[in-house]
Amino acid sequence: MCGIIGYSSKKKNAKDVVIAGLKNLEYRGYDSAGIATSENGKINLYKAKGKIAVLEDKLNNEVINASTAIGHTRWATHGEPNETNAHPHRVGNVTLVHNGIIENYIELKNFLLKNGVTFNSSTDTEVACAYINYIYQKSENKNKLQVISTACDEIRGSYAFSIIFDDELDTIYATRKDSPLIIGLSDDGNFAASDISAILDYTNKYILLEHDEFAKITCDDVEIYNKNLEKIDKEIMFANWSATEYKKNGYEHFMLKEINEQPEVISKLFNNYFENEDYLSINIADYDTIHIVACGSAMHAGMIGKYLFENFASIPVSVEIASEYRYKKQLITPSTLVIIISQSGETADSLAALRIAKEHGAKTIAIVNVVGSSISREADETIYTYAGPEIAVATTKGYTSQVAILSMLVLNAMKQKNILDDSLKNKVQEEIGKIKEVLSKVIDNSEKYIKIASAIKDKEHLFFLGRGIDYTLCLEGSLKLKEISYMHSEAYAAGELKHGTISLIEEGTPVIAIATDKTLYEKTVSNIKETKARGAYVIFITNNDEDVENYNDFADIVLTIPKVTELLQPLVTILPLQLIAYETAKMRGCDIDKPKNLAKSVTVE
Ligand code: AGP
């Protein structure tokens, strides 16, 4: 989703700082970029389609010594990616950048057109800018906060705005509703930014702007106002991530770095939570049902949670896609616990689902990575994954840390229900002590993953097959492959293939089959043989080393992985799927960290 950074500086370096900040926001996904600089008594706009480097080429021809600037990376929602639709937008005396979607922009546009306003772009953002300018022109006292507040009362949808007015060129005004925005504080100047990554090179001090709050930002002061335009004091936060964590640190891609961080992240997470009994005040065992609500990979993590909660704690779980959940008939009762899973903590559908769950009286837990994100602040309780910043759009450590937290919650629930026997607890504890080495060993097998990637990289279609918890891992493996290699694949419950799609299997169709659940191993193998009999090229991933002599009956490539207790096995099994996707995308020459059309945090619905 779009990225915003505004900077009011004590020096004449605002352009460089904003451009550097936009580069740190690239991971959010974008297709055009722009900057507005204010100097010599006027605003200058520079915009470009494509990467920030194209914008920089434009700026290199200019002499810019601005002390205030606002910049934006645009992920197109309304209007194609081009220079006209790129932000910042400027109407009358107002220049603005925006992240979000204005839902009533057509209604506002028609009103403005009737009042003589003309438009250059086809964006909802230009309409918002024009409406703020309309209110500004009508305003007698030109009180900017009042102007913005009055305009926002009529603007429906989600927004994070950073705004400069012509008659106050050294001041940035900011406000938000549902889209994230923080206010950065430093000795050299102050910021408005979509997230901390944009400003960590300059400061780790920031203020969280809440919904419907307003900020007035100059180089030496920041004022925050509430919805009633009363000045308020806000807590100053300190980011616990460093700027270096936003660098590749020698890895070719952020995704490969983050895959390799997983052993450390998971090991630290278990050590942080396994012994620490009081990280959660909610007694999970008090609830009859659990709704796990999320999007994409977070939803896939939730499916792992379902199997583990039901198999080990006997608590019924329904896993819900957040964009469906938010509009469905709710059957929430006081004995329903709702768990929202979100790496970014800003996914619009997941945030909306959280609010709906709370409106219906559910107790809510959030499993989140980004500290201070909207979901983490609105849930009744939040369990942080502390995985560090995840820059690659395709989540890896974000997903596995979610799965690890869920396995901790299952143990928590078993303990509360007095069904956690010492043998299981001791086994899990013993394996947690070795998990870092086990995960590292699986990761350090790149030649196998390269061999598999070579075998599949030119194929049109591919199937992932598995049963039980392995099926949910297939879903995640399929998503990884699709989103970064642009190769079509489908994840199927192995027993389901015969009910239709086995018709798609032909000579050479790749099938990645997973069998780690001993109770379902034979069934899965017979399904694999059904595909093999029809010409499939089978890549078999298993932790069952007792069947070695039979592998070659049905598999072309066999990848054996370590066998650990079922509660921890998904953390092992997913790693080859992440690395197969990575190596395949690399061979296909794809933009691995910033796949086309995708954004790291989907802050619009
Ligand atoms: C996964 O690789 C994708 N990046 C995407 O499915 C992601 O998991 C989903 O958008 C949810 O994001 P969140 O965890 O930040 O809410």
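So, how was this worked out
Residues numbered from 1 in each chain as written. Predicted model: local features only at pLDDT ≥ 70, side-chain atom pairs only at ≥ 80, totals over all residues. Heavy atoms only, no water. Phe/Tyr/Trp six-rings, centres within 6.5 Å; stacked < 30°, edge-to-face > 60°. Helix = DSSP H or I, 4+ residues; strand = E, 2+ residues; numbered from the N terminus. Buried < 20%, exposed > 50% of the residue type's maximum accessible area, 1.4 Å probe, protein only. Axes fitted to C-alpha atoms, helices over the stretch in contact; angles between N-to-C directions. Parallel < 35°, antiparallel > 145°, perpendicular 65-115°, else oblique. Left-handed = near helix turned anticlockwise from the far one by under 90°. Contact = heavy atoms within 4.5 Å. Nonpolar A, V, L, I, M, F, W, Y, C, P; charged D, E, K, R; others polar. Pairing = 2+ DSSP bridges. Near = heavy atom within 4 Å. Polar contact = N/O pair within 3.5 Å; in protein donor to acceptor, adjacent residues only side chain to side chain. Areas by Shrake-Rupley, 256 points an atom, 1.4 Å probe, with all protein chains shown as cover. Disulfide = S-S within 2.5 Å.

1. Let's talk about the packing of aromatic side chains
Counted according to the given criterion, the structure contains 15 aromatic pairs. Plain terms: the ring middles of Phe-111 and Tyr-131 are 6.3 Å apart, the flat faces sit at 65° to each other, and that makes the pair edge-to-face. Of the two residues, Phe-111 sits in helix α3 (residues 105–114) while Tyr-131 sits in helix α4 (residues 124–138), which places them 20 residues apart along the sequence. Assessed through its relative accessible area of 8%, Tyr-131 is described here as buried. Both rings, one in Tyr-136 and one in Phe-165, keep their centres 5.3 Å apart while their planes meet at 40°; by these two values the pair is tilted.

2. What about the packing of helix α6 (residues 254–273) against helix α11 (residues 397–416)?
For the pair α6 and α11, the least separation of the axes is 9 Å and the interaxial angle reads 20°. When the axis of α6 is compared with that of α11, the two are roughly parallel. With respect to the hand of their crossing, α6 and α11 are arranged in right-handed fashion. Here α6 contributes Glu-258, Glu-261, Gln-262, Val-265, Ile-266, Leu-269, Phe-270 and Tyr-273 to the contact with α11, which in turn contributes Lys-397, Thr-400, Ser-401, Ala-404, Ile-405, Ser-407 and Met-408. Along the lines of polarity and charge, the residues of the contact of α6 with α11 split into eight nonpolar, four polar and three charged.

3. Considering the sheet that holds strand β21 (residues 461–466)
Hydrogen bonds between backbone atoms are what pair the strands of a sheet, whose relative direction is either parallel or antiparallel. Taken in spatial order, the five strands make up an open sheet running β22-β21-β23-β24-β25, and their pairing is parallel. Looking at the sheet topology across the chains shown, the edges are occupied by β22 (488–493) and β25 (557–560). The sheet shows a mean angle of 15° between the axes of neighbouring strands, taken without regard to direction. Here β21 pairs with β22 via six bridges, running parallel. Paired with Phe-463 across the two strands is Glu-490, which belongs to β22. Running over the sheet, helix α13 (residues 446–456) touches β21, β23 (510–515), β24 (537–542) and β25 and is turned about 145° from β25. Running at roughly 165° to β24, helix α15 (residues 521–532) makes contact with β21, β23 and β24 of the sheet.

4. Topic: the site of the ligand
Surrounding the ligand, one finds 14 residues, the nearest of these being Ser-342, Gln-343, Thr-347, Val-393 and Glu-483. Within the contact set of the ligand, an oxygen atom lies 2.7 Å away from a side-chain nitrogen or oxygen of Ser-342. Side-chain polar atom of Ser-344 to an oxygen atom of the ligand: 2.7 Å apart, as the coordinates give it. When the free accessible area of the ligand is taken as 410 Å², the share hidden by the protein chains comes to 90%. Elements with a minimum of two residues in the shell around the ligand: α7 (296–313) and α14 (469–485).

5. Observations regarding the state of the cysteines
Taken as a whole and assessed by the stated rule, the structure comprises zero disulfides. Cysteine Cys-152 shares no disulfide, and the gap to the nearest cysteine sulfur, in Cys-129, comes to 12 Å. Its relative accessible area of 8% is what places Cys-152 among the buried residues.

None of this, on its own, says anything about what the molecule does.
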